[in-house]
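Structure assessment
The chain contents come next:
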Amino acid sequence: MNSTCPFFVIGKTVCLSPVRIPFYFSLRQSIFDDIPDTYVALGAPVLAFWLMSLMFYCLDISGWRWLDKYRIHESEEVKSRNLATPWEVARAIIFQNVMQILVGFAWLTEPPAISVARCQSEMEGLGRTLVFVVPGLFGEETGMKILEQWGPGMTHWLYWWGIPAAQIFLAMFTVDTWQYFIHRLMHTNQYLYRKIHSVHHKLYVPYALGALYNHPFEFLLMDTLAIIIAEQVAHLSIRQAIFCVVYGTCQGVDVHCGYNFPFDPFRLISGNNSDYHDIHHQAVGIKSNFSQPYFIHWDVLLGTRMTREDIQKRGQKVKTT
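Remember, predicted model here, so these are calculated numbers, not experimental data. (Residues numbered from 1 in each chain as written. Predicted model: local features only at pLDDT ≥ 70, side-chain atom pairs only at ≥ 80, totals over all residues. Heavy atoms only, no water.)

1. Brief notes about the pattern of salt bridges
The tally for this structure, following the rule as stated, stands at nine salt bridges. With a closest N to O distance of 2.8 Å, Asp 37 and Arg 239 form a salt bridge. With Asp 37 in helix α1 (residues 37-62) and Arg 239 in helix α8 (residues 238-255), this pair connects stretches of sequence that are 202 residues apart. Taking the shortest distance from any N to any O, the salt bridge between Arg 71 and Asp 68 comes out at 3.4 Å. By relative accessible area, which is 14% here, Arg 71 ends up buried. Since its relative accessible area comes to 23%, Asp 68 is described here as partly exposed. Connected via shared salt-bridge partners are Asp 60, Arg 65, Asp 68 and Arg 71. (Salt bridge = Lys/Arg side-chain N within 4 Å of Asp/Glu carboxyl O. Helix = DSSP H or I, 4+ residues; strand = E, 2+ residues; numbered from the N terminus. Buried < 20%, exposed > 50% of the residue type's maximum accessible area, 1.4 Å probe, protein only.)

What follows is the structure, given as structure tokens:
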């Protein structure tokens, strides 16, 4: 029961206790002092990409022998089989970073003011929605009992946890859906592959820096537009958008990194990992494993998933025929 209100439902409105801010949320207008969140949204994915790419580059040149068992391809194989030099890759990515920032400046708007009063008002609006929905689902009498007992807790959990998490997963699903079907089209349409997507596949052996090595048109269509659409579909706040883009960027670097670490945290979250995407860059799997950047559900559902076991079975069939 709400300790500061005699009842949750009072006439046509609701009564909620003072707002309790969860640990992850900051009431400051900007996450970092004197840096607007819009600037963070533009700079954070670029910074995350270069820091993570440089980390893997340091591993590549370290000479540490213990890394050999985790490499998918030998370093010399990367140099000999790829058709784009590291300088060409870096130059293309810097150009795309500039494009990304310019599009972001044109698209992003100043976020609304953050305040306790705004949170309280939005929570009350959510509470009124529950007053309409819960009795409709469970009946008037049972619904009102549920609201009086759990209404404040339900409102708090939905506002701070349930709805934000659902928005993030919806945004990820939207990006995955957009990129899967555009990526698949790039491979099934010979003109699009030859003129646009073949740029990325100059890296027959992927490595971290090459994660964003694309034709500029592909970068705008498959990456930038996907985020814009997802933001609109899921109604993301600026900080939710920062999380999704930074996480997606790090995941993209990780799946191109060329290492198959068993302790890789991204492997614990998604089946889309470096080994999975490496198959797509090889001739045997180029019409498979289209999923990116977050999860692999579309490959599974539409039969375009290929694993190392599938490759072995295919090789055994060839030997027996």
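2. Description of empty space enclosed by the protein
For the coordinates displayed, the defined rule picks out two cavities of 30 Å³ or more. Residue lining of the largest cavity: 41 residues in total, with Gln 100, Asp 223, Ile 227, Val 245 and Thr 249 positioned closest to the centre. Sorting the residues of the lining of the largest cavity by element identifies α1, α3 (86-107), α5 (140-188), α7 (216-234) and α8 as the ones contributing at least two each. Taken together, the residues of the lining of the largest cavity sort by class into 22 nonpolar, 16 polar and three charged. Of the volumes computed, that of the second largest cavity is approximately 50 Å³. Around the second largest cavity sit Ala 171, Val 175, Ile 227, Ala 230, Glu 231, Leu 236, Ala 241, Cys 244, Val 245 and Tyr 294, which together line it. Elements represented by at least two residues in the lining of the second largest cavity include exactly α5, α7 and α8. By residue class, the composition of the lining of the second largest cavity is nine nonpolar, no polar and one charged. (1 Å grid on protein atoms, 1.4 Å probe; cavity = no way out; pocket = protein on both sides within 12 Å on 5 of 7 lines; lining within 4 Å. Points joined across faces, edges and corners; volume = space filled by probe spheres on them. Nonpolar A, V, L, I, M, F, W, Y, C, P; charged D, E, K, R; others polar.)

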